[in-house]
Structure formats: structure tokens, C-alpha cells
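# Descriptive analysis of the structure
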Amino acid sequence: MKMTAAQARREIRTMLESHQIEFAAFESRVLVETVLNTRDLIGMGASELSAEQYDALLTLTRRRCQGEPLQYLCGEWEFFGLPFAVGEGVLIPRQDTETLVETVLRLRKGKPQTVMLDLCSGSGCIPAAVAAHLPDVTGYCAELSDQALFFLRQNLYRHAPQIEVIQMDVCHPDAAFLAEHAAFFDVITCNPPYLTSQDMQALQREVAYEPSLALYGGEDGLSFYRQLIPLWKGCVKPGGVMVFEVGKGQATDVCEIAQRVGFSADTAEDLCGVARVVIAQF
């Protein structure tokens, strides 16, 4: 039986709805577009799927019904207007993190160049988005996970090849790197793991597919801030900033951590009015 793209979308939507997928209409369109390698399903609604395409669509839909994230199934997701390769082993870029990028762009607006370091870089969405909107951005992305590095290198090569990717445990960096880059960076950015033990026990099934290494921030979610802020402070230029994403309700604690080591601290809110970013500045 031959099936058009429009017919396939209706069938997939019904399957998703039967498994309580909340945004079944949207996701059915994205899955069909993924199989057809198009972003214009409306214009291809009458196109017929081959048997291979239909089988591939059913396979993706069954995986989605089992809880696998849509972003992993697509293999690519948009962040700040840019496409990023994603898959198992890397944190999925989220809209919350766009607040961090917007904050950096505001702080560095009008500057002729920006030397940045992105810690816990994951997919590389933060430095790539910054580099796409500011002139002459250079620096490093630091990531520990081999799986995440696979995607990080792809994304930086695509969007910001001038930024160097380094594999590093940012909580235990090489002393020589710290010494060589003392007072070196205009901006240090980081979206660290910040979920609490309680958060980890209540993960949505889709989030449970993402790497715990990129999610769990210790019992109270603040472990990485306690380590990273004093550890990397010496690498910030006078007048420079460290900019962190934080979880809901964590901004006050993270500001206090920054202030204890000599920073002034401020916050930026996301679109929902949540203090989502902490700005630590000399």
C-alpha cells in the first residue's frame, strides 16, 4: 500500500497520541520531515514514501513511543537559530540556555574581540551561538565525555572552527593550563550539571536518556559551582566575567559562592521570569 507524507503524518500522530506523547501533532511532523530529509512537509504532503522510508518512520516512531527523546531520533536540533548535531551521550540544547547566550552577547556588545572558555561544553551550543553573533571570538571548549566530544567537534567545526576543543576534567584541570591561561579570558561560560539527588529520582523518561554526567550536580545540585568558581577565577581577565546557567531556585546560593571568592554577582532572568543565569564579575 502506497502512503503519502500527509497520510503518514496522520498515522504517526495517532500512534504518538496513543502513547500519551504531549505534542503529538508537532512530533509527527518532525519525524516525517526527518525521514524525508525536508523542512517543508506542507509542500511535500502529496509525496509518496518509499517502503524503506515508511519502515524507517515506523522504527523512529516506536522508539519515540518508548520514551527516547525526539532530538536524538532526529540527530539534530536547533539552538539560537543554529542546527546542532545531537545524539546519545550528549545533553540536548534547551531554550533555557539561550538566556546565557543572550547575557554574554549583551555583556560583550561593541567589543572588538572576545576570548572565551566554555566549561562542560557538551554539544558546544553556547560558544557556537556566541561566535555566530560577536566579532572575532576565539578560545576553548572543554569537555570530558568521549561521547559528547564526538558531537562537540562536529558542531564547532560547522559553526566556530576557530574555537579549540580540548578534552578536560574541568574540576581537575592540568595545573600548567591554569598557569598558562592566568587572566586570559574575557568570558568563561558554563552550563554545569545542577540537578539535585531529588531531581534525579524524578526525571521525565525522556531526560533519563540523557547522560547523568551532564545532569547530576551533587546532593543539592551546587557541587560544580563550589568547585569551578574558585578554581577558574584566576583565568578571568580584570573586568572579565564568569557566566553560569543555574537551576530554578539556585541563583542566590551561586551568587553567594561567587561573592565569597571576590566576585560581584548579578542574575539574569529567562522568559518565564526565573533567575536562570548568574554573572560573576571582577
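Quick look at the structure, then.

The rules behind the values
- Residues numbered from 1 in each chain as written.
- Predicted model: local features only at pLDDT ≥ 70, side-chain atom pairs only at ≥ 80, totals over all residues.
- Heavy atoms only, no water.
- Helix = DSSP H or I, 4+ residues; strand = E, 2+ residues; numbered from the N terminus.
- Buried < 20%, exposed > 50% of the residue type's maximum accessible area, 1.4 Å probe, protein only.
- Lys, Arg positive; Asp, Glu negative; His and termini not counted.
- Salt bridge = Lys/Arg side-chain N within 4 Å of Asp/Glu carboxyl O.
- Contact = heavy atoms within 4.5 Å.
- Pairing = 2+ DSSP bridges.
- Axes fitted to C-alpha atoms, helices over the stretch in contact; angles between N-to-C directions.

### Considering the side chain of E143
Note on placement: E143 falls in strand β4 (residues 137-143). No salt bridge is formed by the buried E143; the nearest opposite charge belongs to R153, separated by 10 Å. Every residue in contact with E143, bar those within four places of it in the chain, is listed here: C120, S121, G122, A148, L149, L152, I166, Q167 and M168.

### What to know about unusual backbone geometry
The backbone of F80 shows a phi angle near 55°, a positive value even though the residue is not glycine. Here F80 lies in the loop between β1 (76-79) and β2 (82-85). A relative accessible area of 17% places F80 in the buried class. Even without glycine at this site, C120 takes up a positive phi of about 55°. Structurally, C120 can be placed in the loop between β3 (114-119) and α6 (125-133).

### Observations concerning the sheet that holds strand β7 (residues 236-245)
Pairing is mixed in the open sheet, where seven strands are placed in the order β5-β4-β3-β6-β7-β9-β8. Each edge of the open sheet is held by one strand with a lone partner, namely β5 (163-167) and β8 (264-269). The sheet shows a mean angle of 20° between the axes of neighbouring strands, taken without regard to direction. Inspection of the sheet shows β3 paired to β4 by six bridges, in the parallel sense. If you follow T114 over to β4, its bridge partner there is V137. With respect to the sheet, helix α10 (residues 223-232) is in contact with β3, β6 (185-190) and β7, its orientation differing from that of β7 by roughly 165°.

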